[in-house]
Amino acid sequence: MVYVDTSVLVPLFLNEPHSLVVADWYAHEKSELVAAAWCVPEFASALGIKRRTGAIDAQQAQGAWARFERMVAADLRLLAVEPAHFHRAAELVLDAASALRAGDALHLACAEAAGARQMATLDITLSRNAQRLKIAPVLLRSPS
């Protein structure tokens, strides 16, 4: 089982610097893909921000949303976010050395609770913390 962070989902459906690496990984990944249901509003928020800043237009946002919904229906099992996951996320962010933001800590808490063996992400801080929790990071970044 591979936990998929929202940072991977955005470039999968929009043209971004890491899109080719992410698309190649997705095309070849054979493990079950899971993500917390939290990724749904988080993905929508990313689209909204890109619309407000003019990075994408309404048609691009609608297309990305439709493709995202198809992936969720076919290839991405959404995990319920339970009160215990919020508590675990709080514990993770209370550790100042983690440098985690709340949303990323929630992803990590959900991945840990689900027993994910790997976490696909573009976020270096999240990757480092996944490794700390014995979840193998799959850091999907294009060479600089």
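Scroll up to find the structure this text is about.
For the structure given in this document, a descriptive report is provided here. Since we're looking at a predicted model, the values are computed, not measured.

## Looking at unusual backbone geometry
Of note, the phi angle at Ala99 is positive, near 60 degrees, even though the residue is not glycine. Considering the arrangement of structural elements, one finds Ala99 in the loop between helix H5 (83-94) and helix H6 (102-114). Phi angles above zero are rare outside glycine, and Lys134 is one such case at about 70 degrees. Its place among the elements puts Lys134 in the loop between helix H7 (124-132) and strand S5 (136-139). We classify Lys134 as exposed; its relative accessible area is 73%.

## Structural notes on the pattern of salt bridges
On inspection of all chains with the given rule, the structure shows 7 salt bridges. When the shortest N-O distance is used, the salt bridge between Glu16 and Lys50 registers 2.6 Å. Placement of Glu16 in the loop between helix H1 (6-13) and helix H2 (19-28) and of Lys50 in helix H3 (residues 39-52) is noted, with a sequence separation of 34 residues between them. According to the relative accessible area criterion, Glu16 is partly exposed, its value standing at 23%. With its nearest N and O atoms 2.6 Å apart, the salt bridge here joins Asp104 to Arg101. Exposure remark for Asp104: the relative accessible area of 7% places this residue in the buried category. When salt bridges that share partners are traced, they join Arg88, Glu91 and Glu112 into one network.

## Looking at H5
For H5, with 12 residues, the first-to-last C-alpha span of 17 Å sits near the 16 Å given by 1.5 Å per residue. Buried residues of H5: His85, Ala89 and Leu92, and no others. Angular distribution of buried residues about the axis of H5 spans 60 degrees; they occupy a single face of the element. Exposed residues lying more than 90 degrees from the buried face of H5 are Pro83, Ala84, His87 and Leu94.

Conventions and cut-offs
- Residues numbered from 1 in each chain as written.
- Predicted model: local features only at pLDDT ≥ 70, side-chain atom pairs only at ≥ 80, totals over all residues.
- Heavy atoms only, no water.
- Helix = DSSP H or I, 4+ residues; strand = E, 2+ residues; numbered from the N terminus.
- Buried < 20%, exposed > 50% of the residue type's maximum accessible area, 1.4 Å probe, protein only.
- Salt bridge = Lys/Arg side-chain N within 4 Å of Asp/Glu carboxyl O.
- Expected span 1.5 Å × (residues − 1).
- Arc of directions from axis to C-beta.

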